[in-house]
Amino acid sequence: MAFTIQSLLLVLSSLFFFFLFSLSYSYGQTSFRPDALVLPVTKDPTTLQYVTKISQRTPLVPVNLVVDLGSRFLWVDCENNYVSSTYRPVRCGSANCFLAGADGCGDCSAPPRPGCNNKTCGVSLENTVTRTSTGGELAEDVVSVQSTDGSNPGAAATVSNFLFSCAPTFLLNGLASGVAGMAGLGRDWISLTSQFASAFSFRRQFAICLSSSTSSNFSGVLFFGDGPYIFLPNINASQSLAYTPLFVNPITTASSSTNGDPSAEYFIGVTSINIGDKPVAVNASLLSINREGNGGTKISTVNPYTVMETSIYEAIVEAFSGQAAAINITRIAPVAPFSACFDSKNVFSTWVGPLVSYISLIL
């Protein structure tokens, strides 16, 4: 049996984001005004992607979506049996077209259907797992999610004109089986976070707990709005969270965005990396975002393991391997996509995991 150093062992039990600016746009009528919303989050055992579920359309149908922390908005496959009496394409020149940062005005030569209408706004959308991008029709439809008081589920809360983009079916390639699109939580006016905050008049914030297990007995959760955030009975996570500033990358590196746009993704300020109590010698300038938008440390929910710049990765592998050898842990043949794997025969287990050197990000 072997264990693998997955580039960097970064365990996130919960992520909490708080935004200090408010929104002045309205996205349509709502059923009532809850204090918070809650969505389930599961981990797909095949792709290791995080999946949530909303209800959409009229009549309402359940829609499974891959959770993407850094994407701009919700996109859904409209080619495969999208039927809804409340679907409305967003017309060119409208306020919502401007709000979404639409790329232009489009026509469709085929008979009208969801995703194919004349004189409608077009937006760029991306499958961030495969890095595939295309254009799609901006539209509105009903979205319904469960409300909560932070500990107990409440009534369904509905937004009648929720903005999203229609996508062609091929954009689902590489995503978990059974999903119909991606749920974007990024820094954008039409992300799920922004639209829910505007529709229900709560703060533009969310909390997410991601389980490392693919078992249905250890699922995660996604809260929108105000706390408390009760993840376990009588345990309010909002009272024990550690906070760190989030940084804005002024230049996006997303393939579906316009050059010069700020990134919708979330970055944290890592200043150094330790293995055990010893700092790793790395080029510190790579830990900061440069003028081209490269560098820095991004939090992602679509990568199943931490991805690092080559020189940093090699330095960490060398330092970790040295400390592992000192306690009689030997390297073995690597297993793709990793280059450093270790024999687990001499690795002791503790209640917090294997007894090996911790890899720490210093903020």
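Residues numbered from 1 in each chain as written. Predicted model: local features only at pLDDT ≥ 70, side-chain atom pairs only at ≥ 80, totals over all residues. Heavy atoms only, no water.

Draft legend 1. Examining the side chain of serine 211 more closely. Residue placement: serine 211 occurs in the loop between β13 (205–209) and β14 (220–225). According to the relative accessible area criterion, serine 211 is buried, its value standing at 17%. Within the structure, the side chain of serine 211 is placed 3.1 Å from the backbone nitrogen of serine 213, a separation counted as a polar contact. When neighbours within four sequence positions are excluded, serine 211 is seen to be in contact with Lys43, Tyr50, Phe218, Ser219 and Gly220. (Helix = DSSP H or I, 4+ residues; strand = E, 2+ residues; numbered from the N terminus. Buried < 20%, exposed > 50% of the residue type's maximum accessible area, 1.4 Å probe, protein only. Polar contact = N/O pair within 3.5 Å; in protein donor to acceptor, adjacent residues only side chain to side chain. Contact = heavy atoms within 4.5 Å.)

Draft legend 2. Layout of the sheet that holds strand β17 (residues 246–247). Within the open sheet, the three strands sit side by side as β17-β18-β21. Their pairing is antiparallel. At either end of the open sheet lies a strand with only one pairing partner, and these are β17 and β21 (297–299). One ladder, built from two bridges, connects β17 with strand β18 (residues 266–268); its direction is antiparallel. Within the sheet, the bridge partner assigned to phenylalanine 247 lies in β18 and is phenylalanine 267. (Pairing = 2+ DSSP bridges.)

Draft legend 3. Seen up close, the state of the cysteines. Summed over the entire model, instances satisfying the criterion amount to four disulfides. Here cysteine 92 is linked by a disulfide to cysteine 105, with a sulfur-sulfur distance of 1.8 Å. Taking the sign of the S-S torsion, 95 degrees for the link of cysteine 92 and cysteine 105, the bridge is right-handed. Pair noted here: cysteine 92 is in the loop between β7 (88–89) and α1 (95–99) and cysteine 105 is in strand β8 (residues 104–106), with a separation of 13 residues, a long-range link. A relative accessible area of 53% means that cysteine 105 is categorised as exposed. One disulfide in the model links cysteine 108 with cysteine 116; its S-S distance is 1.6 Å. (Disulfide = S-S within 2.5 Å.)

Draft legend 4. Inspection of the environment of phenylalanine 267 at higher detail. One can find phenylalanine 267 in strand β18. For phenylalanine 267, a relative accessible area of 5% gives the class buried. For the pair phenylalanine 267 and asparagine 249, spaced 18 residues apart in the sequence, the C-alpha separation amounts to 7.3 Å. Setting aside residues up to four positions removed in sequence, phenylalanine 267 forms contacts with Pro245, Leu246, Phe247, Asn249, Ile289, Gly295, Gly296, Thr297 and Lys298.

Draft legend 5. Main features of the environment of serine 357. For serine 357, the position within the fold is in the loop between β25 (353–354) and β26 (359–362). Counting along the chain gives 81 residues from serine 357 to glycine 276, while the straight-line C-alpha distance between them is 5.0 Å. A polar contact is formed between the side chain of serine 357 and the side chain of glutamine 323, at a distance of 2.6 Å.

Draft legend 6. Representation of the nonpolar core. Formed by 58 residues in total, the largest nonpolar core has its most connected members in Phe164, Phe196 and Phe224. Sort the elements by how many residues they give to this core and helix α3 (residues 310–326) lands first, with seven residues. Every residue in contact with phenylalanine 164, bar those within four places of it in the chain, is listed here: Gln56, Leu74, Val76, Cys78, Tyr82, Tyr87, Glu137, Leu138, Ala139, Glu140 and Asp141. Listed in part, the 22 residues of the second largest apolar core include Leu99, Cys121, Ala167 and Leu175. (Core = buried A, V, L, I, M, F, W, Y, C linked by side-chain atoms within 4.5 Å.)

Draft legend 7. Region of the structure containing the environment of glutamine 49. One can find glutamine 49 in the loop between β3 (36–43) and β4 (50–56). For the pair glutamine 49 and valine 129, spaced 80 residues apart in sequence, the C-alpha to C-alpha distance is 9.2 Å. A distance of 2.9 Å separates a polar atom in the side chain of glutamine 49 from the backbone nitrogen of alanine 176.

Draft legend 8. Main features of the side chain of asparagine 274. On the secondary structure map, asparagine 274 appears in strand β19 (residues 272–275). Residue asparagine 274 is classed as buried on the basis of its relative accessible area, which comes to 16%. Not counting the four nearest positions on each side in its chain, asparagine 274 is found in contact with Pro279, Val280, Tyr358, Ile359, Ser360 and Ile362.

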